Amino acid sequence: MLDLLIHNATLPDGRSDMSVAVQDGRIVEVIAGLQAPAHETVDAEGQLLSPPFIDAHFHMDATLSYGLPRVNASGTLLEGIALWGELKPHLTHEALVGRAMAYCDWAVGKGLLAIRTHVDVCDPRLLAVDALLEVKRRVAPYIDMQLVAFPQDGVLRGKGGPQEHMDTLKRALDKGVDVVGGIPHFERTMADGALSVKRLCELAAERGLRVDMHCDESDDPHSRHIETLAFETQRLGLQGRVTGSHLTSMHSMDNYYVSKLIPLIAEAGLHVVANPLINITLQGRHDSYPKRRGMTRVPELLAAGVNVSFGQDCAMDPWYSLGSGDMLEVAYMGLHVGQMTSQAAMAQCFEAVTSRPARAMGLEGYGIAAGCHADMVLLQASDPVEAIRLRATRLRVYRRGKLLAQAPSNASTLHIPGRPASTAYRHDSIPRF
């Protein structure tokens, strides 16, 4: 007997009336119209059944700290970094764990079951590292979490010399942090930025780890560290294991240089993560009009075969006052900022918060197919585009075939004579003439 059978589901690839059979935490069969005994049978009623959402770029050490010790008055990236520096001496292990666990509760409710979070390693106490390692252990039964050793203040900018932050970063890796991070555009000089990329990629190659660098999060078109990251990736044989996050300077680069750069990124097998909510908020702050949107060139990168994901980046922290762990909200913003409004492009936006970040993070057993983990989200939508349009309700969230969260269908009761009793804002309710 099956543990779980979900039938009459629509899958992201458009197949309908599909049945998904689950046994021992794995999907054992995906086929139309399966009838079989199961301990639990769920009628999806034609709704969209998706693999879980994934956030490939987040900062969980800062999450839900909005207003501590004060609000970012200018709304800029640099004031956010300064504010985080003010907050760090007052952080406690308990507060970091408590806020992160609360955010993980939000994530589960939104069907977000895999998160790659950067953690600041410039504090010699490694307080945030220890806190998030504890969180990672506690949420392991229901969230796949990767930690990135992130030198927020610049890996070569330690007050005690250029080796100070490198040493704390290595200590963080020794403790069990998974990925090597960096922030080359925040080093003191362009040369130091390039040197940081070289040293950090060499460290990752030595330890057999992945790399995920904040790269060129700037409106300066001359910030070109992604070029160095692509070079070091190839030099060290790290293809497929390296991610360039943000790349917002590409938004401001001239087309001629970008025509050289994008093929280099594709050739190196780099993954890219754009963060639409934060890029549209933080970039262009020094512009009068016209104001730059700031998000990297997502459609052009996708057209070149680059694996591009969308990340949440921040939620209620020194850089961003909003956010709720809803990756459909992220996809919705990415669609608008990137003007990705064709049917194919909108489907790519859904992939940017599901299958594409799964590839970037190297997640095993992800998807709706036989042999995959039975991690699934039943959405109140008919297809991925409708899911983005409505930021669809997560009706049921499963991890290894076990129900983690559920929510009632979203509908508004109407009290209008001669009109329907309710509306759920669905495409299939529109009259056809």
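Relevant structure appears above.
Residues numbered from 1 in each chain as written. Predicted model: local features only at pLDDT ≥ 70, side-chain atom pairs only at ≥ 80, totals over all residues. Heavy atoms only, no water.

*Asks:* Can you tell me about the pairing of strand E15 (residues 394-399), naming the residues and giving the values?
*Replies:* For E15, a buried count of six out of six residues is recorded, marking the element as mostly surrounded by other parts of the structure. In the sheet, strand E14 (residues 376-379) pairs with E15 via four bridges, with the strands oriented antiparallel. Counterpart to Met-376 in the pairing with E15 is Tyr-398. Bridge count for E15 against strand E16 (residues 402-406) is four bridges, and the pairing is antiparallel. Residue Val-397 lies in a different strand from E16, and its bridge partner there is Ala-405. Hairpin connection of E15 to E16: two residues between the antiparallel strands, including Arg-400 at a positive phi of 55°. (Buried < 20%, exposed > 50% of the residue type's maximum accessible area, 1.4 Å probe, protein only. Helix = DSSP H or I, 4+ residues; strand = E, 2+ residues; numbered from the N terminus. Pairing = 2+ DSSP bridges.)

*Asks:* An account of the pattern of salt bridges is requested, with residue identities and associated values reported.
*Replies:* Here the structure, examined in full by the defined rule, presents 26 salt bridges. The shortest N-O distance in the salt bridge between Arg-70 and Glu-79 comes to 2.8 Å. With a shortest N-O distance of 3.0 Å, Asp-130 and Lys-175 are connected by a salt bridge. Taken together, the positions of Asp-130 in helix H3 (residues 127-139) and Lys-175 in helix H4 (residues 164-175) put the pair 45 residues apart, joining distant regions of the chain. With relative accessibility at 27%, the residue Asp-130 sits in the partly exposed group. (Salt bridge = Lys/Arg side-chain N within 4 Å of Asp/Glu carboxyl O.)

*Asks:* Explain the layout of surface pockets residue by residue, including any values.
*Replies:* Of the volumes computed, that of the largest pocket is approximately 360 Å³. Lining the largest pocket are 19 residues, with Leu-77, Leu-78, Glu-217, Ser-218 and Asp-219 positioned closest to its centre. For the lining of the largest pocket, the per-class residue count stands at six nonpolar, eight polar and five charged. (1 Å grid on protein atoms, 1.4 Å probe; cavity = no way out; pocket = protein on both sides within 12 Å on 5 of 7 lines; lining within 4 Å. Points joined across faces, edges and corners; volume = space filled by probe spheres on them. Nonpolar A, V, L, I, M, F, W, Y, C, P; charged D, E, K, R; others polar.)

*Asks:* Please provide a residue-by-residue account of the packing of aromatic side chains, values included.
*Replies:* Taken as a whole and judged by the stated rule, the model has four aromatic pairs. Geometrically, the ring pair formed by Phe-53 and Phe-350 is edge-to-face, given 6.0 Å between the ring centres and 75° between the ring planes. Of this pair, Phe-53 sits in strand E6 (residues 53-58) while Phe-350 sits in helix H11 (residues 343-351); the two residues are 297 residues apart in sequence, bridging distant segments of the chain. Summarising the burial analysis for this pair, Phe-53 and Phe-350 share the class buried. One aromatic cluster is present, formed by Phe-58, Tyr-103 and Trp-106 through successive ring pairs. For Lys-291, the ring lying beneath its charged end belongs to Tyr-289, and the centroid distance is 5.5 Å. Lying over the aromatic face of Tyr-332, Arg-391 brings its terminal NZ or CZ to 3.8 Å of the ring centre. (Phe/Tyr/Trp six-rings, centres within 6.5 Å; stacked < 30°, edge-to-face > 60°. Lys NZ or Arg CZ within 6 Å of the ring centre and 35° of its normal.)

By themselves these figures say nothing about function.
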